[in-house]
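Here are the chains, one letter per residue:
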Amino acid sequence: LYELGAVGATVVCGLNGSGLLSLSTRNEKTYRIRVYNTKGTLLKERVEESNGVYPLCSDVSDDSKVFAVSYLDTTDISPISRVVLFYIDAEESENHTDSMFAAVEKTDEIIPVIGYMEKGVLAAVSDANVYGIGSDGTELWNYPLDNTIDQAALNMKKYLVLALGDSVANKDGREKGTVCWLDSNGKEKASFAAGDSVTYLHSAEKGVVIGNDRRYTGVSHSGNENWTYTATGDLSDLLP
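Residues numbered from 1 in each chain as written. Predicted model: local features only at pLDDT ≥ 70, side-chain atom pairs only at ≥ 80, totals over all residues. Heavy atoms only, no water.

Asks: I'd love a proper account of the overall build of the protein chain, names of residues and values included.
Replies: Counting its regular elements, the protein chain contains 1 helix and 20 strands. Here the C-alpha atoms of the protein chain give a radius of gyration of 18 Å, agreeing with the 18 Å that 2.2 N^0.38 yields for 240 residues. Seen along its three principal axes, the alpha-carbon backbone of the protein chain occupies a region of about 50 × 45 × 35 Å. Here the protein chain, with 240 residues, has 48% of them falling under the buried criterion. (Helix = DSSP H or I, 4+ residues; strand = E, 2+ residues; numbered from the N terminus. Rg over C-alpha atoms; globule rule 2.2 N^0.38 Å. Buried < 20%, exposed > 50% of the residue type's maximum accessible area, 1.4 Å probe, protein only.)

Asks: Quick rundown of a nonpolar patch on the surface? Include the residues and the values.
Replies: Taken together, the side chains of Trp227, Tyr229 and Leu235 define a hydrophobic patch exposed on the protein surface, amounting to about 270 Å² of accessible area. Examined against the element boundaries, Tyr229 turns out to sit in strand 20 (residues 225-230). (Patch = residues over 30% accessible without salt bridge, like charges linked within 9 Å, V, L, I, M, F, W, Y side chains within 5 Å. Areas by Shrake-Rupley, 256 points an atom, 1.4 Å probe, with all protein chains shown as cover. Salt bridge = Lys/Arg side-chain N within 4 Å of Asp/Glu carboxyl O.)

Asks: So, the nonpolar core: which residues are in play, and what are the values?
Replies: Counting residues in each nonpolar core, the largest one holds 16 residues, and the members touching the most others are Val83, Leu85, Ile114, Leu122 and Ala124. Listed by contribution, the elements that provide at least two residues to this core are strand 6 (66-73), strand 7 (80-87), strand 8 (100-107), strand 9 (113-116), strand 10 (122-125) and strand 11 (129-133). Ranked by residue count, the leading element in this core is strand 7, at 3 residues. In this view, Val83 contacts Val69, Ser70, Ala102, Ala103, Val104, Ile111, Ile114, Leu122, Ala124 and Ile133; residues no more than four positions away in its chain are not counted. (Core = buried A, V, L, I, M, F, W, Y, C linked by side-chain atoms within 4.5 Å. Contact = heavy atoms within 4.5 Å.)

Asks: Outline the packing of aromatic side chains, supporting the account with residue identities and numerical values.
Replies: Given two aromatic rings, one states the distance between the centres and the angle between the planes to describe the pair. Tallying each qualifying case throughout the model produces 4 aromatic pairs. Centre to centre, the rings of Tyr87 and Phe101 are 4.2 Å apart; their planes meet at 20 degrees, and the pair counts as stacked. Linking Tyr87 in strand 7 with Phe101 in strand 8, this pair joins segments that are 14 residues apart in sequence. (Phe/Tyr/Trp six-rings, centres within 6.5 Å; stacked < 30°, edge-to-face > 60°.)

So, in structure tokens, the structure goes:
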């Protein structure tokens, strides 16, 4: 469809249901977050040059009106995470400074993964909770985490799939290797015991591929095992 030449290293990119691309790049100490349409035309750009403030992830809403960025601010004693929402359209941005119209802030948490789900809900995965953020920037729900997260998959808008690691200190966590499905309302709909550390996770239309080193398991979105496969060598991806 098109080809982009970006200056600097690609940090992360996200593609919405209509084909809009959010692309984050880093060049020395400057971060640039750009939104492109389906023809590769630049619609929006943010340049971040503040010392100690890092954009970790970005995504575009499926109605193509908003893009969200997760920032980590390390300039204070405790780290602060902010999920900030910006309008893409210039007309909607007129009455808002820097196009920003809403933000959710969490102290002493890191939010490395965000992504839009069904009904315009933005899922934000931190090291302590999973949050659901509405289209107006309000926090709709949170899902507390008693385990670390080894993998998170948001390929499918219907579910956020999490692979749990070790229990968090002083918490009674779940079995390591548990994979769970959260819907856009923050409700756990299914779970699967992978039995070991999950090293690979991919969510697709009909199910999830879970990797434990070289052993891969296909699991339906209802948590039922469909197949297993043991690779004879290292794989970078196994896509159904």
